[in-house]
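Residues per chain are reported as follows:
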Amino acid sequence: MTQNPDVLENVIGAPDDAAENIAVPAAEGPERDTAKKPVISTRTIIWPVLLGLIVVSIIAFVTFDKTAYALMWQTLNPWILSGAGFCVLLRILIGGKRLSYVSHHQLSYKGGIRGQLAWDFAANITPSLVGGAPIAAYYIAQSTSDKSGGSIRMGEVTAFMMFIMLLDQTWFALTVPLILVSALFMEVIPQSAGTAGSFTAVIYLIGFMGWTGIFAYATLFRPHLLAGLADQICRLPFLNKYRERVQTEMEEYQERAGVLRQQPLSFFARGLALTAGTWMARYALVVFIVWSFVPDVDQLLLLMRSVAMTIGSLVMPTPGGAGGVEGLYVLFFGSLMPGAFLAPTLLIWRILGFYIFLGFGIFITTHHVKNKLRKRS
């Protein structure tokens, strides 16, 4: 059957300066909440990939050692390296289970997995400071039905995402004391960071823990505090035009916070356990990769540095932390392996923890667009 070119242009995007887009189709029907269609251009995907590969290439050039490279492939343990692949699978499966659980199983397990992949994809093309929750929420609302076959409203999905973000923040706040205590017994913050770097890292961790604690408390018990803060910020002259829109969003935020307060403690406990599982799988990824190349490496130290590096990467201003995360990798793990091993292990880590999720995201988004086109034609 032939496809209407007008429909095709409407769904994929007009061939303008921001062309070559992958766009999520707009909401249809009265059951959907109205929302602006987020358009993802190929530029937003290519930019973090190129930036990351450039940094990896520079590291490979600086640390190149032909003799060490030959030794590296002799020491590689493929069985341990396969554990890294298992960590990726575990991250996806537990993440999908968490989304399904938080939605009170309105999302099926498969729907939760698709949603988790969409979230990881969105997070990798947006700055770490921003996160990919808004794009992921839009995709889930557009492409996923609940178990009864009905649509899931955008507001409901946003509430799911808000709770998961709260769980993530709580988990981060709990891991900071673990890092600080471990630093008393092992070199969690590398000596290469220097005295100033170590002091800055400690201050950042304490400040981060304090902020996440305030965010969690305000979300559950004093949502009006965050609403008031957002309103005061929007009173600034250059932000005043956004004030009405922010007020509307904060009213919805307070309503969702009220729903969260009604949940039993067991709901939070199981959600936090699933959150711990998803993040432990991420932390363990780098452990298995480095361990497979360096058999005698201290796995516990690797794990603790992976936790510290992950928290440090949350403030990166680039999409998916590209560029900055590679630098943190060198800082935290450079002293635990020969210099020539840095670039290969870093590249494998980024492929399994970053690039592969870009591929998943492109696949599920284009597949969704094709399905919409097929239904319309």
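Let me begin by describing the structure that accompanies this report. (Residues numbered from 1 in each chain as written. Predicted model: local features only at pLDDT ≥ 70, side-chain atom pairs only at ≥ 80, totals over all residues. Heavy atoms only, no water.)

With respect to the element layout, threonine 175 can be found in helix α7 (residues 154-182). Residue classification places threonine 175 among the buried positions, given a relative accessible area of 4%. Among all residues touching threonine 175, those that are not within four sequence positions of it are Tyr283, Val307 and Ile311. (Helix = DSSP H or I, 4+ residues; strand = E, 2+ residues; numbered from the N terminus. Buried < 20%, exposed > 50% of the residue type's maximum accessible area, 1.4 Å probe, protein only. Contact = heavy atoms within 4.5 Å.)

Now for unusual backbone geometry. One can expect most non-glycine residues to show negative phi and most peptide bonds to be in trans. The residue histidine 104 is not glycine, and still its phi comes out positive at about 55 degrees. Among the secondary structure elements, histidine 104 is positioned in the loop between α4 (78-102) and α5 (109-124). Histidine 104 sits in the partly exposed class, given a relative accessible area of 46%.

Another aspect to go through is the nonpolar core. One finds Tyr329, Phe333 and Trp349 to be the most contacted residues of the largest nonpolar core, which totals 83 residues. Per-element accounting of this core gives the leading share, 13 residues, to helix α11 (residues 265-293). Excluding residues that lie within four positions of it along the chain, tyrosine 329 makes contacts with Val286, Val290, Met309, Gly334, Met337, Leu342, Thr345, Leu346 and Trp349. Of all hydrophobic cores here, the second largest spans six residues; its members include Ile45, Phe121, Phe354 and Leu358. (Core = buried A, V, L, I, M, F, W, Y, C linked by side-chain atoms within 4.5 Å.)

With the rule as written, the count across this model stands at 15 aromatic pairs. By the ring-pair criterion, three or more aromatic residues cluster together here, those being Phe172, Tyr204, Phe208, Trp279 and Tyr283. Between arginine 91 and the ring centre of phenylalanine 357, over which it is positioned, the NZ or CZ distance is 4.0 Å. In this structure, arginine 350 is placed above the aromatic ring of phenylalanine 354, and the distance from its NZ or CZ to the ring centre is 4.2 Å. (Phe/Tyr/Trp six-rings, centres within 6.5 Å; stacked < 30°, edge-to-face > 60°. Lys NZ or Arg CZ within 6 Å of the ring centre and 35° of its normal.)

Turning our eyes to something else, we now look at the packing of helix α12 (residues 299-313) against helix α13 (residues 324-333). Close contact between α12 and α13 brings their axes to 10 Å; oriented N to C, the two are set at 150 degrees. Judged by the inter-axis angle, α12 sits roughly antiparallel to α13. In this structure, α12 crosses over α13, and the sense of that crossing is right-handed. Counted together, Leu302, Arg305, Ser306, Ala308, Met309, Gly312 and Ser313 of α12 and Val325, Leu328, Tyr329, Phe332 and Phe333 of α13 form the full contact between these two elements. Class assignment of the residues belonging to the contact of α12 with α13 gives a composition of eight nonpolar, three polar and one charged. (Axes fitted to C-alpha atoms, helices over the stretch in contact; angles between N-to-C directions. Parallel < 35°, antiparallel > 145°, perpendicular 65-115°, else oblique. Left-handed = near helix turned anticlockwise from the far one by under 90°. Nonpolar A, V, L, I, M, F, W, Y, C, P; charged D, E, K, R; others polar.)

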